[in-house]
Amino acid sequence: IKLKYISLAILVVQNASLILSIRYVRTLPGDRFFTTSAVVMAEVLKVLTCLLIILFQRKGNLKEFIVLQYNSIVIQYKDTLKLAVPALIYTLQNNLQYVAISNLPAATFQVTYQLKILTTALFSVLMLRKSLSRIQWLSLLLLFAGVAIVQLEQEGKQKETTVTGPSQNYAKGLVAVIVSCLSSGFAGVYFEKILKGSSASVWMRNIQLGIFGTLLGLLGMWWNDGLAIAEKGFLFGYTPMVWGVIFNQAFGGLLVAVVVKYADNILKGFATSFSIIVSTVVSVYLFGFHVDLLFTLGAGLVIGAVYMYSLPKAAAPSPSTATLSSSSHSLADGAGDSETEAFLPKSVLVK
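Cut-offs used in this document
Every residue gets a number counted from 1 within its own chain, in the order that chain's sequence is written. It should be noted that, the model being predicted, local features are given only for residues of pLDDT at least 70 and side-chain atom pairs only at 80 or more, the latter also being counted only at that level, while totals for whole chains, interfaces and linings use all residues. With hydrogens and water set aside, each side-chain value is computed from the structure's full complement of heavy atoms. Strands here mean DSSP runs of E at least two residues long; helices mean DSSP runs of H or I at least four residues long; both are numbered from the N terminus. Any residue under 20% of the maximum accessible area for its type is buried, any over 50% is exposed, and the rest in between are partly exposed; the area is computed with a 1.4 Å probe on protein chains only. All accessible-area figures derive from a Shrake-Rupley calculation using a 1.4 Å probe, and residue coverage is judged against the displayed protein chains alone. Only the stretch in contact is used when fitting a helix axis, every axis being a line fitted to C-alpha atoms; angles between N-to-C directions are given from 0 to 180 degrees. Each angle gets one of four labels, with under 35 degrees taken as roughly parallel, over 145 as roughly antiparallel, 65 to 115 as roughly perpendicular, and the rest as oblique. Left-handed describes a crossing in which the near helix is turned anticlockwise from the far one by less than a right angle; the clockwise case is right-handed. Should any heavy atoms of two residues lie within 4.5 Å, those residues are considered in contact. Under the grouping applied here, Gly and all other residues not named as nonpolar or charged are polar, the nonpolar ones being Ala, Val, Leu, Ile, Met, Phe, Trp, Tyr, Cys and Pro and the charged ones Asp, Glu, Lys and Arg. Think of a nonpolar core as a cluster: buried Ala, Val, Leu, Ile, Met, Phe, Trp, Tyr and Cys residues, connected wherever their side-chain atoms sit within 4.5 Å. The rule for a salt bridge is simple: a side-chain nitrogen of Lys or Arg has to be within 4 Å of a carboxyl oxygen of Asp or Glu. The residues that make up patches have over 30% relative accessible area and no salt bridge, and they are joined within 9 Å when like-charged or within 5 Å when they are Val, Leu, Ile, Met, Phe, Trp or Tyr. One less than the number of residues in a helix, times 1.5 Å, gives the span that helix is expected to have. Contacts described as polar in this section are N or O atom pairs within 3.5 Å, which, within protein, must combine one atom able to donate a hydrogen with one able to accept it, while residues neighboring in sequence count only if both atoms come from side chains. Whether two aromatic rings pair depends on their centres lying within 6.5 Å, for rings of Phe, Tyr and Trp, where Trp uses its six-membered ring; planes under 30 degrees apart make the pair stacked, over 60 edge-to-face, and the rest tilted. The score called pLDDT rates the predictor's confidence residue by residue, from a low of 0 to a high of 100.

A. Fine view of the overall build of the protein. Scanning the protein from N- to C-terminus turns up 14 helices and four strands. For the protein, the proportion of its 351 residues judged to be buried stands at 53%. Within the structure as shown, the protein displays about 15,800 Å² of accessible surface, and the carbon and sulfur contribution to it stands at 70%.

B. Geometry of the packing of helix H2 (residues 35-57) against helix H3 (residues 62-75). Running from amino to carboxyl end, H2 crosses H3 at an angle of 125°, the nearest separation of the two axes being 9 Å. In this view, H2 runs oblique relative to H3, as classed from their interaxial angle. As for how H2 packs across H3, the hand of that crossing is right-handed. For the pair formed by H2 and H3, the contact residues are Leu51, Ile54 and Leu55 on the first element and Leu62, Phe65, Leu68 and Gln69 on the second. Classifying every residue of the contact of H2 with H3 gives six nonpolar, one polar and no charged.

C. Examining the nonpolar core more closely. Of all hydrophobic cores here, the largest spans 48 residues; its most connected members are Phe109, Val111 and Ile246. With 10 residues, the next largest nonpolar core counts Ala187, Tyr190, Phe191 and Leu209 among its residues.

D. Expanded view of the pattern of salt bridges. Counted by the stated rule, this structure contains three salt bridges. With a closest N to O distance of 3.0 Å, aspartate 79 and arginine 205 form a salt bridge. Pair noted here: aspartate 79 is in helix H4 (residues 77-81) and arginine 205 is in helix H10 (residues 202-232), with a separation of 126 residues, a long-range link.

E. Local environment of unusual backbone geometry. Positive phi, normally seen in glycine, also occurs at lysine 59, with a value near 55°. Here lysine 59 is to be found in the loop between H2 and H3. With phi around 55°, arginine 129 is a residue other than glycine that occupies positive phi space. Summarising the element assignment, arginine 129 is placed in the loop between helix H7 (115-127) and helix H8 (134-160).

F. Local environment of a nonpolar patch on the surface. On the surface, a cluster of nonpolar side chains totalling about 710 Å² of accessible area is made up of Phe270, Phe274, Ile277, Val281, Val284, Tyr285, Val291 and Tyr307. No other element matches helix H12 (residues 265-287), which puts six residues into the nonpolar patch. As for its position among the elements, valine 284 is in helix H12.

G. Examining helix H13 (residues 293-310) more closely. A rise of 1.5 Å per residue sets the reference length of H13, with its 18 residues, at 26 Å; its end C-alpha atoms lie 26 Å apart and thus fit the reference within 8%. The backbone nitrogen of leucine 294 lies 3.4 Å from a side-chain oxygen of the residue at the head of H13, namely aspartate 292.

H. Structural detail: the environment of alanine 42. Relative to the helices and strands, alanine 42 is located in helix H2. By relative accessible area, which is 3% here, alanine 42 ends up buried. The contacts of alanine 42, once residues within four sequence positions are left out, are Ile246, Gln249 and Ala250.

I. Looking closely at the packing of aromatic side chains. For the structure shown, the criterion picks out 11 aromatic pairs. Pairing phenylalanine 123 with phenylalanine 186 gives two aromatic rings, centres 5.6 Å apart and planes at 75°, and the pair type is edge-to-face. Placement of phenylalanine 123 in helix H7 and of phenylalanine 186 in helix H9 (residues 170-194) is noted, with a sequence separation of 63 residues between them. Here phenylalanine 186 falls in the partly exposed class, since its relative accessible area comes to 26%. Taken together, a centroid distance of 5.3 Å and an interplanar angle of 25° make the contact between phenylalanine 247 and phenylalanine 251 stacked.

J. Quick peek at the packing of H2 against H10. The contact between H2 and H10 brings their axes to 7 Å, and the two run at 160°. As far as their axial angle goes, H10 and H2 are roughly antiparallel. You can see that H2 and H10 cross each other, and the crossing is left-handed. Its residues placed into classes, the contact of H2 with H10 shows 15 nonpolar, 10 polar and three charged.

K. Structural view of the confidence of the model for the protein. Averaged over all residues, the pLDDT of the protein equals 80, while 82% of them reach at least 70. Taken element by element, the predicted model of the protein shows its lowest mean pLDDT in strand E1 (residues 327-328) (35) and its highest in H2 (93).

L. Spotlight on the environment of methionine 241. Mapped onto the fold, methionine 241 is located in helix H11 (residues 240-259). On the accessibility criterion, methionine 241 (36% relative accessible area) is partly exposed. With 220 residues separating them along the chain, methionine 241 and serine 21 place their C-alpha atoms 7.8 Å apart.

M. Highlighting the side chain of threonine 80. When you line up the elements, threonine 80 lands in helix H4. Threonine 80 has contacts with Ser72, Ile73, Gln208 and Phe212, leaving out every residue within four places of it along the chain.

N. Expanded view of the environment of isoleucine 276. The topology assignment puts isoleucine 276 in helix H12. Each C-alpha atom, one on isoleucine 276 and one on valine 302, is 9.2 Å from the other, the two residues being 26 residues apart in sequence.

In structure tokens form, the structure reads like this:
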């Protein structure tokens, strides 16, 4: 019971803190850091951390450690290459999350980002032939309705008053979060499909993902901010708060990957619901976010839908049709069993 409550607390804190901290550093006055460099830095830190964990598991035996890496990454190159596709999607998703949170209120992003549950469910039905219960289909309908109400509320608010700053674009943020949800759903299901029967550890998979993620992130950074970074430097605009965001992205997702083993579907549903509430309350005090009746109704529908979706099926004929769940980072976005969820990013997360 203690482990469950600790797991719940960690999932809520990581889920809410990443979104709020990104929103905070992106709305501060002064020099802005390059988000593409932050994505690359988070991937590098994640890979280094996983390497250290595996070295520790091998009791510091450097030769055994190097042989393991060589066999897993080079010798089994076909297995490694399978992760190029999800790594590409996750790199895109991580960059899009920065765009979305930079242009949307944190609470609005947190609610809208739950559409990843809908996209994951649809891709699971189409690609993995998974079945959903009637309650889950109803919860997906309520989820869509709740997000739609929140968007209508935000659209009406924009017409009445200036909700965002001059450098923020609500439409751009909305498109970014929708594409991020689509990519999250597809990547999670694709990941589950290719990892069926895999014997590789969580840490090794994260290293393989991180290698591709770093290379693809560097390519995206050069394409989008290459000239500016060449002029101002890779670490331009990095403050202690920015480093905090990067560490949260890199280590928070790995922490959730461990904790999620002790959390059942209902607990993860509660964690997501509490995260929405925490993000909304903090946004009121930190960013002056205004909560009205429409937002409360929409967010309430989303919270209820997330909880309903996490409920176990009344009758599960076999383990293969077990309840589909969506994990929160960052590392953990997506569907499937707890082993698969451990790879899925960040629980932004916003994995």
